[in-house]
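This is what each chain is made of:
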Amino acid sequence: GGGSEGCSISECVNDPVAYARLGDWIVNAIESSSDPNLEEARTILQGLRERRLYRLVDYLLLDKHFGKRSAEDIVARLVALGGGRFAAADVVVTFAELNFGAPKGEDVSPLSKVHYFNPKQDKNKARPWQENEEQSPMGTMCDAFVETKVFVYSRHDQAWDAIKEAYILWAAEVREHNMEKRGSRTFTGMSFLNMSSPAKKAKRSLGGRVD
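Residues numbered from 1 in each chain as written. Predicted model: local features only at pLDDT ≥ 70, side-chain atom pairs only at ≥ 80, totals over all residues. Heavy atoms only, no water.

**Here we look at the overall build of the chain**
For the chain, the count of helices and strands is 6 helices and 5 strands. Beginning at the N terminus, the succession of helices and strands in the chain can be written as α-α-α-β-α-β-β-β-β-α-α. In the chain, the share of contacts with a sequence separation of at least 24, taken over all contacts with a separation of at least 6, comes to 61%. With the model as given, the accessible surface of the chain reaches about 15,000 Å², and the carbon-plus-sulfur share is 52%. (Helix = DSSP H or I, 4+ residues; strand = E, 2+ residues; numbered from the N terminus. Contact = heavy atoms within 4.5 Å. Areas by Shrake-Rupley, 256 points an atom, 1.4 Å probe, with all protein chains shown as cover.)

**Some details on the pattern of salt bridges**
Enumeration according to the criterion identifies 6 salt bridges in this entry. For Asp58, the salt bridge identified is with Lys164, shortest N-O distance 2.8 Å. You can see Asp58 sitting in strand β1 (residues 55–62) and its partner Lys164 sitting in helix α5 (residues 160–182), a full 106 residues away along the chain. We note a salt bridge from Glu173 to Arg77, for which the minimum N-O separation is 2.6 Å. Taken together, the residues Glu173 in helix α5 and Arg77 in helix α4 (residues 71–81) connect sequence positions 96 residues apart. (Salt bridge = Lys/Arg side-chain N within 4 Å of Asp/Glu carboxyl O.)

**Focus on helix α3 (residues 39–49)**
Looking at α3, one finds that the buried residues are Arg42, Leu45 and Gly47. Against the buried residues of α3 lie α2 (25–32). (Buried < 20%, exposed > 50% of the residue type's maximum accessible area, 1.4 Å probe, protein only.)

**Points about the packing of aromatic side chains**
Following the criterion strictly, the structure yields 2 aromatic pairs and no others. With centroids separated by 5.9 Å and ring planes inclined at 50°, the aromatic side chains of Tyr167 and Trp170 adopt a geometry described as tilted. Residue Tyr167 and its partner Trp170 are located together in helix α5, separated by 3 residues, close to a single helical turn. Taken as a pair, Tyr167 and Trp170 share a single burial class, namely buried. Residue placement shows Arg55 over the ring face of Trp160; its charged tip is 4.1 Å from the ring centre. (Phe/Tyr/Trp six-rings, centres within 6.5 Å; stacked < 30°, edge-to-face > 60°. Lys NZ or Arg CZ within 6 Å of the ring centre and 35° of its normal.)

**Section: the environment of Ala126**
Assignment of secondary structure puts Ala126 in the loop between β3 (115–116) and β4 (127–128). We classify Ala126 as partly exposed; its relative accessible area is 32%. Through-space distance from the C-alpha of Ala126 to that of Tyr116 is 5.1 Å; in sequence the pair is 10 residues apart. If near-sequence neighbours (up to four positions away) are discounted, Ala126 is found in contact with His115, Tyr116 and Phe117.

**Remarks on the sheet that holds strand β5 (residues 146–154)**
Read from one edge to the other, the open sheet built from 3 strands follows the order β1-β5-β2, with strand pairing classed as antiparallel. With one partner strand each, in any of the chains shown, β1 and β2 (91–99) form the two edges of the open sheet. Taking each pair of neighbouring strands and ignoring which way they run, the sheet shows an average axis angle of 20°. One ladder, built from 9 bridges, connects β2 with β5; its direction is antiparallel. Along β5, the bridge assignment pairs Val93 with Val152. Docked against the sheet, α4 engages β2 and β5, running at close to 135° with respect to β2. (Pairing = 2+ DSSP bridges. Axes fitted to C-alpha atoms, helices over the stretch in contact; angles between N-to-C directions.)

So, in structure tokens, the structure goes:
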């Protein structure tokens, strides 16, 4: 970079000199290197060259009741539900977040950043929008302003089926947890005839024992 010390690729965005030196040559440098610290990077690049890409198992839109859990926590739970049929190294979990322009991780209404001007009330000052605003056509908004999806991938095709079955059980647990947090279980129509929990339904669909 511009200083005397080097920086990582992700840090180059903050260093104009280092950023200007980035290029496709980095890929060739990694592949040609014998540095043991770059072994994992070389393996990933070789997999890309040979089209051995991670296979998507499934994804889940997370409810706000899901809480703060790391990718490692989810992987550990999937491995436990898999009953030893695959290892943590076989699973990759990533998050994708979509919001209304708020800083990463913040669940903030976009209306909280908007001020309204009404000359009939005060011709010299704009006022912020109130949550109980009745005059505004946007007075009824959703209760969450950030959307998070969790994606589960399999590193190897041999482990995909086992990871998929574990994912089905885990997703059912998450949905049941969300239902309990909401505190409401409304059954209408035909759904009233089958009131078993999502987790039990998932186990039954996989041919497993339901306690």
